[in-house]
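Descriptive structure summary
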Amino acid sequence: MAGLFITLEGGDGVGKSTQAALLEASLTEAGHTVVRTREPGGTDLGSEIRSMVLHRRGHIAPRAEALLYAADRAHHVETVVRPALERGEVVLQDRYLDSSVAYQGAGRVLGADEVRDLSLWAVEGLLPDLTVLLDLDETASRSRLDSSRTEYDRLEAEAADFHARVRHAFLDLAAAEPDRFLVLDASRDRADIARAIGDRVRELLG
Ligand code: TYD
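In this report, the structure presented in the accompanying data block is examined. (Residues numbered from 1 in each chain as written. Predicted model: local features only at pLDDT ≥ 70, side-chain atom pairs only at ≥ 80, totals over all residues. Heavy atoms only, no water.)

1. Brief notes about helix α5 (residues 112–122)
At 3.6 residues per turn, the α-helix brings residues three or four places apart onto the same side. For α5, the complete set of buried residues consists of V115, R116, S119, L120 and A122. Within α5, the buried residues cover an arc of 155 degrees as seen down the axis, which keeps them to one side. Exposed residues lying more than 90 degrees from the buried face of α5 are D113 and W121. Positioned one or two residues after α5, E124 has a phi angle of 50 degrees, which is positive. (Buried < 20%, exposed > 50% of the residue type's maximum accessible area, 1.4 Å probe, protein only. Helix = DSSP H or I, 4+ residues; strand = E, 2+ residues; numbered from the N terminus. Arc of directions from axis to C-beta.)

Right under this line is the structure:
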């Protein structure tokens, strides 16, 4: 495909949105057309799914939860991401299938491979050209989140050991696919992080 597909991953409160905004601004300034989007919730249908998975009260069966994220992803990729890539645009996306593996896998009910296979089926195998993993110790990301929120969604409210498992799942994914991932220490200065991401993206854009 002609475009470039970039995803940002990491725990809650690691600064993904800040980095996405900085990268979007610099790519736009350089003349690229950027589609900035996110999962869950990058489409109208996705917004409905997002409120179900994040704000619905009460238990959601783990397989149902995994299927809801996969359904959001299937619709998003077919209607937003692939068309943009086919037009040759840069898709800059907050979270993708690695989040499903890390979060739904961290519940310990579902295995990483089955969650990944489900998502790959949903998106007909589409993987990002680059995945930026912003890595932060879970106590540091917790305190960043606590200073910016008064209310938490279902996943943010999970216990610390859940977030520690999420973090390690992301690091394992990055280690398994070192060419796709760029892992950055999210406690670094935000301008440094932006520079590191920008360098890699410019390399990919040639
Ligand atoms: P995000 O949009 O980053 O949340 P916020 O706007 O609150 O910063 O992500 C929402 C939550 O959804 C986040 O806790 C991770 C979770 N999530 C999954 O569990 N599985 C997935 O496949 C995706 C995409 C997100």
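2. Thoughts on the site of the ligand
D12, R73, R95, S100 and Q104 are the nearest of the 16 residues found near the ligand. Contact between the ligand and E156: an oxygen atom at 2.9 Å from a side-chain N or O atom of the residue. Those elements that place two or more of their residues in the shell around the ligand are α2 (44–55), α3 (62–86) and α4 (97–106). Element by element, the count of residues in the shell around the ligand is highest for α4, at four residues. (Near = heavy atom within 4 Å. Polar contact = N/O pair within 3.5 Å; in protein donor to acceptor, adjacent residues only side chain to side chain.)

3. Brief notes about the pairing of strand β3 (residues 90–94)
Along β3, five of the five residues are buried, which leaves the element largely enclosed by surrounding structure. Residue alternation in β3 divides its side chains into two sets, V90, L92 and D94 and V91 and Q93, and both sets are buried. Sheet topology note: the strand β1 (residues 4–10)/β3 ladder contains five bridges and is parallel. Residue T7 lies in a different strand from β3, and its bridge partner there is Q93. (Pairing = 2+ DSSP bridges.)

4. What to know about the packing of α2 against α3
Their axes nearest at 9 Å, the elements α2 and α3 cross at an angle of 165 degrees. By the angle between their directions, the pair α2 and α3 is classed as roughly antiparallel. Note on packing geometry: the crossing formed by α2 with α3 is left-handed. Within the contact between the two elements, α2 uses L45, G46, I49, M52, V53 and L54 and α3 uses L68, Y69, A71, D72 and H75. (Axes fitted to C-alpha atoms, helices over the stretch in contact; angles between N-to-C directions. Parallel < 35°, antiparallel > 145°, perpendicular 65-115°, else oblique. Left-handed = near helix turned anticlockwise from the far one by under 90°. Contact = heavy atoms within 4.5 Å.)

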